[in-house]
Amino acid sequence: MNPFSYGTIVKEPYYYNRYEECKRIVSTLAGGNNLVLFAPRRYGKTSLVFRAIEELEKRKFTCIYFDFLPVYSRESFIESYSKAILKKQNNLEKAVKKIAGLIKGIRPKLVFDQMSNPEFSLDFTDEKVSEKTLEDILDLPENLASKEKKYIIIFDEFQEINKLNGENFENLLRSKIQQQKNVNYLFLGSRTHLLNDMFNNKSRAFYNSAMLMQIETLPKNETIEFLKDRFLQSNITIDEPVALNLIDQAGNIPYYIQLLAAEIWQYIVALHQVVSNEVVSLCVERIVDLKNDYYFELYDRQSAYQKKIFKALLISGENVFSSEYTKRHRLSATSTTQKAILGLIESGIIEKVSANYFIADPFFKRFLSRYA
Ligand SMILES: Nc1ncnc2c1ncn2[C@@H]1O[C@H](COP(=O)(O)OP(=O)(O)OP(=O)(O)O)[C@@H](O)[C@H]1O
Ligand SMILES: [Mg+2]
């Protein structure tokens, strides 16, 4: 079995570090505060939060994890949110009855699947979901919680509530959250600039409503130890400088580190070799080749000016709006650059950390440099 794992929520032995962060999440929420967790894509937010959930459940909190990504309407929110809440109830039948009395405008019911397992489903009684129904569902955790049985709601990809547009939903949720005594909230998401705007913009409902926490990349020395250990399981050796090179090639981003390491393992496992820099480079190219069609389409979709910006970013992502940068890369007016960069951030192709802009996927970066 490949000793590396990527693309899903990871646990030990595929998970390391972030113990302090986990403690902080647990103590903030257990202490009755709300928290928002920031980090660019694929840094390990969801995995970290699942670890925190385990801890919180040990302390008898009821944790409801809810992902906003698949939500596309008020109805779909109500349906999947109530399902997520019901999943955590011991007596499903009793809970369904209770919910029927608590939420106006829905008719919840239990159906049985082919294996005779009970499943929850609901009908809407009115043609259009009313504000009241939405209010009731947002109050549901508070109505099920008690002083002895507190709830913690985890909203992943929270920036997606923009889809439900908008402000109305945001305002309503904010006011509900403020009133609730036995429920706390953890917000996280991968579109840092959108989340940032929600929580740091004075004119937005969630301004100042939660403590902020940022997670960074994993410390390189621990990543090196992790790589050495995991490769050693299959009698493969990797020296420190090569491990460092692997980390750099993967942009020091947890997901890409494990993706590249998994590819290297697959390439080398039968040979029981030492991982060399040549092998690292070869595997980087293999990954880029595998994704070539996808990357090509992605590249093709961008405007000519955005392609020009890619070229500039391959060289540097610092001071991109300075006159020197503009001159050096023959860019247009700052406002044009800003617009193009914003578009690339919106589509998740580039990320901004501190004042530095970079291409989010290190293998797409490598793809681009083939043509630069
Ligand atoms: N603590 C960790 N130790 C080792 N690898 C990790 C860790 N956290 C994350 N990873 C790697 O990163 C991958 C992505 O993790 P996860 O889905 O938790 O990140 P995310 O920030 O929620 O990503 P997204 O932005 O796509 O939602 C994992 O599959 C794993 O390969
Ligand atoms: Mg995630």
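Residues numbered from 1 in each chain as written. Chains lettered and ligands numbered in written order. Predicted model: local features only at pLDDT ≥ 70, side-chain atom pairs only at ≥ 80, totals over all residues. Heavy atoms only, no water.

Student: Can you walk me through the overall build of the protein in this structure?
Tutor: Looking only at helices and strands, the protein has 16 helices and eleven strands in total. Along the longest, intermediate and shortest principal axes, the C-alpha atoms of the protein span 65 × 55 × 40 Å. By residue count, 49% of the 372 residues in the protein fall in the buried class. Contacts spanning at least 24 positions in sequence make up 70% of the contacts within the protein whose residues lie at least 6 apart. When the accessible area of the protein is evaluated, it comes to approximately 18,900 Å², of which 48% is carbon and sulfur surface. Charged side chains of the protein number 50 positive and 46 negative; the gap between the two group centres comes to 3 Å. (Helix = DSSP H or I, 4+ residues; strand = E, 2+ residues; numbered from the N terminus. Buried < 20%, exposed > 50% of the residue type's maximum accessible area, 1.4 Å probe, protein only. Contact = heavy atoms within 4.5 Å. Areas by Shrake-Rupley, 256 points an atom, 1.4 Å probe, with all protein chains shown as cover. Lys, Arg positive; Asp, Glu negative; His and termini not counted. Charge placed at Lys NZ, Arg CZ, Asp CG, Glu CD.)

Student: Teacher, can you tell me more about the nonpolar core here?
Tutor: Across soluble globular proteins, you tend to see nonpolar side chains buried next to one another. In terms of nonpolar packing, the biggest core is built from 78 residues, with Phe231, Leu246, Val275 and Ile350 touching the most fellow members. For this core, the leading source of residues is helix H10 (residues 254–268), giving ten residues. When neighbours within four sequence positions are excluded, Val275 is seen to be in contact with Phe231, Ile236, Thr237, Ile238, Val242, Ile264, Ile268 and Val280. Judged by nonpolar contacts, the second largest core, of 45 residues, contains Val36, Leu86, Leu144 and Leu173. (Core = buried A, V, L, I, M, F, W, Y, C linked by side-chain atoms within 4.5 Å.)

Student: Hey, could you run me through the layout of surface pockets in this one?
Tutor: The gaps of empty space that remain are located by a probe, the size of a water molecule, rolled over the atoms. Looking at the largest pocket, its volume works out to about 1,000 Å³. Taken together, 47 residues make up the lining of the largest pocket; nearest its centre are Glu351, Lys352, Val353, Asn356 and Phe358. For the lining of the largest pocket, the secondary-structure elements that each account for two or more residues are helix H7 (192–200), strand S7 (211–214), helix H9 (240–249), helix H13 (304–315), helix H15 (334–346), strand S10 (350–353), strand S11 (356–359) and helix H16 (362–371). With five residues, the single largest contributor to the lining of the largest pocket is H16. When the residues that make up the lining of the largest pocket are grouped by side-chain class, the tally is 22 nonpolar, 17 polar and eight charged. Of the pockets and cavities examined, the second largest pocket occupies roughly 660 Å³. Of all elements in the fold, only helix H2 (45–58), strand S2 (62–67) and H10 reach the threshold of two or more residues within the lining of the second largest pocket. Classifying every residue of the lining of the second largest pocket gives twelve nonpolar, eight polar and seven charged. (1 Å grid on protein atoms, 1.4 Å probe; cavity = no way out; pocket = protein on both sides within 12 Å on 5 of 7 lines; lining within 4 Å. Points joined across faces, edges and corners; volume = space filled by probe spheres on them. Nonpolar A, V, L, I, M, F, W, Y, C, P; charged D, E, K, R; others polar.)

Student: What exactly am I supposed to notice about the sheet that holds S7 here?
Tutor: Through backbone hydrogen bonds, the strands of a sheet pair up, either in parallel or in antiparallel fashion. One open sheet accounts for five strands, arranged S2-S5-S6-S1-S7; its pairing is parallel. Taken across any chain shown, the strands that pair with only one partner, and hence form the sheet edges, are S2 and S7. The sheet shows a mean angle of 15° between the axes of neighbouring strands, direction not considered. Note that strand S5 (residues 151–156) and strand S6 (residues 183–189) share five bridges and pair parallel. Looking at S6, one finds that Ile154 is bridged to Leu186. Along the sheet face, helix H1 (residues 19–30) touches strand S1 (35–38), S5, S6 and S7 and points at about 170° away from the line of S7. (Pairing = 2+ DSSP bridges. Axes fitted to C-alpha atoms, helices over the stretch in contact; angles between N-to-C directions.)

Student: What exactly am I supposed to notice about H15 here?
Tutor: Because the α-helix completes a turn every 3.6 residues, residues three or four places apart line up on one side. Its 13 residues place the ends of H15 18 Å apart at the C-alpha level, agreeing with the 18 Å of an ideal helix rising 1.5 Å per residue. When we look at burial in H15, the residues that qualify are Thr337, Ala340, Ile341, Leu344 and Ile345. All buried residues of H15 lie within an arc of 140° about the axis, which places them on one face of the element. Those residues of H15 that are buried lie in contact with H7, H13, S10 and S11. Gly348 sits one or two positions beyond H15 and adopts a positive phi of about 75°. (Expected span 1.5 Å × (residues − 1). Arc of directions from axis to C-beta.)

Student: When you look at the site of ligand 1 in this model, what are you seeing that I'm missing?
Tutor: Residues in contact with ligand 1 amount to 21 residues; listed here are only the nearest, Ser5, Thr8, Lys45, Thr46 and Ser47. Ser5 is positioned such that a nitrogen or oxygen atom in its backbone is 2.6 Å from an oxygen atom of ligand 1. The separation between an oxygen atom of ligand 1 and a polar main-chain atom of Thr8 is 2.6 Å. Protein chains bury 93% of the 630 Å² of accessible surface belonging to ligand 1 in isolation. With respect to the pocket detection grid, ligand 1 is positioned in the second largest pocket. Elements represented by at least two residues in the shell around ligand 1 include exactly H2 and H10. Partitioned by chemical class, the residues of the shell around ligand 1 number nine nonpolar, eight polar and four charged. (Near = heavy atom within 4 Å. Polar contact = N/O pair within 3.5 Å; in protein donor to acceptor, adjacent residues only side chain to side chain. Sits in = over half its atoms within 2 Å of the grid points.)

Student: Got a minute to help me understand unusual backbone geometry in this structure?
Tutor: Most peptide bonds take the trans form, and the phi angle of most residues other than glycine is negative. Backbone torsion omega between Glu12 and Pro13 reads 5°, so that peptide bond is classified as cis. Counting through the fold element by element, Pro13 comes out in the segment before H1. The backbone of Asn17 sits at a positive phi, close to 60°, despite the residue not being glycine. Relative to the helices and strands, Asn17 resides in the segment before H1. For Ser116, which is not glycine, the phi torsion reads 65° and is therefore positive. Looking at the secondary structure, you find Ser116 in the loop between strand S3 (106–112) and strand S4 (118–124).

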